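# Residue-level structural notes
Below are the chains, spelled out letter by letter.
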Amino acid sequence: MASSLNKPELIVNGKRTDGRDFDEIRPLKIVASPLKNADGSAYIEWGNNKILAAVYGPREATPRHLSDPSKAIIKCRYTMAPFSSLSEHNRTGPNRRSIEISKVIKEVFENVVMLTDFPGSQIDIFIEVLQGDGGTRAAGITAASVALASAGIHMRDLPYAVSVGRIGEHLAMDFNMIEDNYSDSDIPMAIAPRNNEILLLQMDGDMSREQMSKAMEMVIKAGEQVSTAQKDALREAYANKAGAKQ
Amino acid sequence: MDAIDTVKTSYVRELLMKGEREDSRQLLEFRPIKIETGIIKNAEGSAMVDLGATRVLAGVKTDLNEPMEDTPNQGNMVVSAELLPLASASYETGPPSPEAIEFARVVDRGIRAGNCVNLESLFVEEGKAWTVYVDLYVLNFNGNLFDAGGLAAMSALLDTGVPKYEDSKVIREERPNKLKVDNIVTPTTFAKVADKIILDPTGNEEKAASARMTIALDKESVRSMQKGLGGGFYKNEVEELIDVAFNKHEELKGIMKKAQK
């Protein structure tokens, strides 16, 4: 959050640092099933974010004592590659931030996957951030959703995620890294589009009650575009069987 | 979930469908809150919070460290949490679980986003600033760790005295100055059980819950939020929860202030 010494100007002449309007999300491209070995996968480029999501399963739950005879369990691992950020070299593997993110992402998919269709099994979701530029958990969830669908896993909805935040008196969609670092608040949200249920919401900073209402409204509106990109990616993968899993 | 859990969660669910709770509370009522500060004399600050049968001890230590590169004129605050095996049959030894990490980070974010600890005041001299370590020790678990932990951390910070620093030495026996705390945030956690939204869920109610929402705020602003568990909330529900959390703020703040010595 805003703590550094040289805070950059985030809004110039009513436009954001990258020229976007407040309700405009960054360019978004999703490819379904880019990986051969995984049961399902997706690659997303969202602004400068480049993220791969892969799904393995349903397969036998291990260790065995974790398996649930009444339903499938979901495991999720979100990690950032050591070279993924502009700052110094990250350590490989999970840290406290990524463990928390993995947990809340897992909970998003526990809601939508028809777990009782696959008793005793586990479904692994792997999210690898190859290049990160703000909003990686939202992009990761959006990709993981497509990966699960491309694995043929039964879901009651295809959730998407996008973040919203506040810069001064302005609410704005989908922060990039600079905005994320210096904004007054950043709020990733995941939504089940069929009934607009909020499946993930994390917030810190400073927001009034009215600003929170407006923020939720903006997410649901901008989400249509994300949701469409997900469905288009799946359609394309299945129209072109060579691109689908062989 | 074993057989006993199944029985307990269906009991809690059936009660809530009638609008009742296992401890006969109102849906949006906290359990009795008891806070005692200054109980660990060796710590720079401490607070024990009893929220019903949930008991969390927060201890604060302050160490001199090199400031972070991007904030050379500030100290820092770090919140960690341990779900001790003595607190519940379901807690195990080993590295921190995702639950413990989420717990610590949610408490940390509320206090951090609320600018509660004055980080500039922790600067000592070129290359030296205090780091304030808040450790949350869960001693007995019966649900709603987030609020018990949030209240404990905040109360322990209010109780904290910064050690004396003289001739390049830290003298821990003397704490001439109180830690500068600029703001007080209060946490409020809700759970959705059988489509009813309740405040301050017990352990059984949490097991039966589909979704959880924690809101930390001060008098004017929402400072942090975290949705948990597999279920969801609708926009209008979130708005209502924010209203309730604002309504509980003064009461919780009063309890924390009264506990200060």
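Values in this document were obtained by computation on a predicted structure and should not be read as measured data. (Residues numbered from 1 in each chain as written. Chains lettered and ligands numbered in written order. Predicted model: local features only at pLDDT ≥ 70, side-chain atom pairs only at ≥ 80, totals over all residues.)

Here we take up the interface of chain B and chain A. Of the residues lining the interface, 27 residues belong to chain B; the matching set on chain A comes to 29 residues. Where the side of chain B that touches chain A is concerned, the elements lending two or more residues are helix 2 (98-113), strand 14 (222-228) and helix 5 (235-258) of chain B. Tallied by class, the residues present in the side of chain B that touches chain A amount to 10 nonpolar, 8 polar and 9 charged. (Contact = placed C-beta atoms within 7 Å. Helix = DSSP H or I, 4+ residues; strand = E, 2+ residues; numbered from the N terminus. Nonpolar A, V, L, I, M, F, W, Y, C, P; charged D, E, K, R; others polar.)

In this model, chain B carries an average pLDDT of 93, and 100% of its residues clear a pLDDT of 70 or more. The ipTM value of the predicted complex is 0.75, and its pTM value is 0.85. (pLDDT = per-residue confidence, 0-100.)

Residues and elements named next belong to chain A. Sheet architecture is open: 5 strands sit in the order 3-4-5-7-6, paired in mixed fashion. Two strands in the sheet have a free side with no partner beyond their single neighbour: strand 3 (28-32) and strand 6 (73-80). Strand-to-strand, the axes of this sheet are offset by a mean angle of 15°, without reference to chain direction. Pairing between strand 6 and strand 7 (residues 121-131): 8 bridges, direction parallel. Paired with lysine 75 across the strands is aspartate 124, a residue of strand 7. Along the sheet, helix 1 (residues 96-112) contacts strand 6 and strand 7; its crossing angle with strand 6, the most-contacted strand, is approximately 140°. Here helix 2 (residues 136-150) sits on the sheet and contacts strand 3, strand 4 (40-46), strand 5 (49-60), strand 6 and strand 7; the angle it forms with strand 4, its principal contact strand, is near 150°. (Pairing = 2+ DSSP bridges. Axes fitted to C-alpha atoms, helices over the stretch in contact; angles between N-to-C directions.)

Now for helix 4 (residues 209-239) of chain A. Residue and element names in this part refer to chain A. With 31 residues, helix 4 extends 45 Å from end C-alpha to end C-alpha; this agrees with the ideal 45 Å at 1.5 Å per step. Remark: the principal bend of helix 4, roughly 35°, maps to glycine 223. Along helix 4, the residues classified as buried are Met212, Ala215, Met216, Met218, Val219, Gly223, Val226, Ser227, Gln230, Ala233 and Ala237. (Expected span 1.5 Å × (residues − 1). Bend = angle between axes of the 7 residues up to and from the residue. Buried ≥ 20, exposed ≤ 12 C-beta atoms within 10 Å, placed from the backbone.)

On to the sheet that holds strand 9 (residues 170-173) of chain A, then. Strand order in the open sheet formed by 8 strands is 9(A)-8(A)-10(A)-11(A)-14(B)-13(B)-11(B)-12(B), with antiparallel pairing between adjacent strands. Sheet topology places strand 9 of chain A together with strand 12 (196-199) of chain B at the edges, where each strand pairs with a single neighbour. Taking each pair of neighbouring strands and ignoring which way they run, the sheet shows an average axis angle of 20°. Where strand 11 (residues 186-193) of chain B meets strand 12 of chain B, 4 bridges bridge the pair, whose relative direction is antiparallel. From the neighbouring strand, alanine 191 of chain B faces strand 12 of chain B, where its bridge partner is isoleucine 198 of chain B. With respect to the sheet, helix 2 of chain A is in contact with strand 8 (160-167), strand 10 (185-192) and strand 11 (197-207) of chain A, its orientation differing from that of strand 8 of chain A by roughly 165°. Lying over the sheet, helix 3 (residues 145-159) of chain B contacts strand 11 and strand 13 (211-217) of chain B, oriented at roughly 175° with respect to strand 11 of chain B.

A few words now on the nonpolar core. Core analysis: the largest hydrophobic core is formed by 143 residues, its most contacted members being Ala53, Ala143 and Met189 of chain A together with Leu136, Ala152 and Ala153 of chain B. Of the residues forming this core, the biggest block, 10 residues, is contributed by helix 3 of chain B. Residues in contact with alanine 153 of chain B, not counting those within four places in the same chain, are Ala58, Val79, Val107, Ile111, Val134 and Leu136 of chain B. (Core = buried A, V, L, I, M, F, W, Y, C linked by C-beta atoms within 7 Å.)

Moving on, we get to the pairing of strand 6 (residues 128-140) of chain B. Residue and element names in this part refer to chain B. Pairing between strand 3 (residues 54-65) and strand 6: 11 bridges, direction antiparallel. Within strand 6, the position partnered with arginine 55 by the bridge is asparagine 140. In this structure, strand 5 (residues 123-125) lies alongside strand 6, joined through 2 bridges in antiparallel fashion. The partner of glutamate 125 across the bridge, within strand 6, is lysine 128. Connecting the antiparallel pair strand 5 and strand 6 is a turn made up of 2 residues, with glycine 127 showing a positive phi of about 80°.

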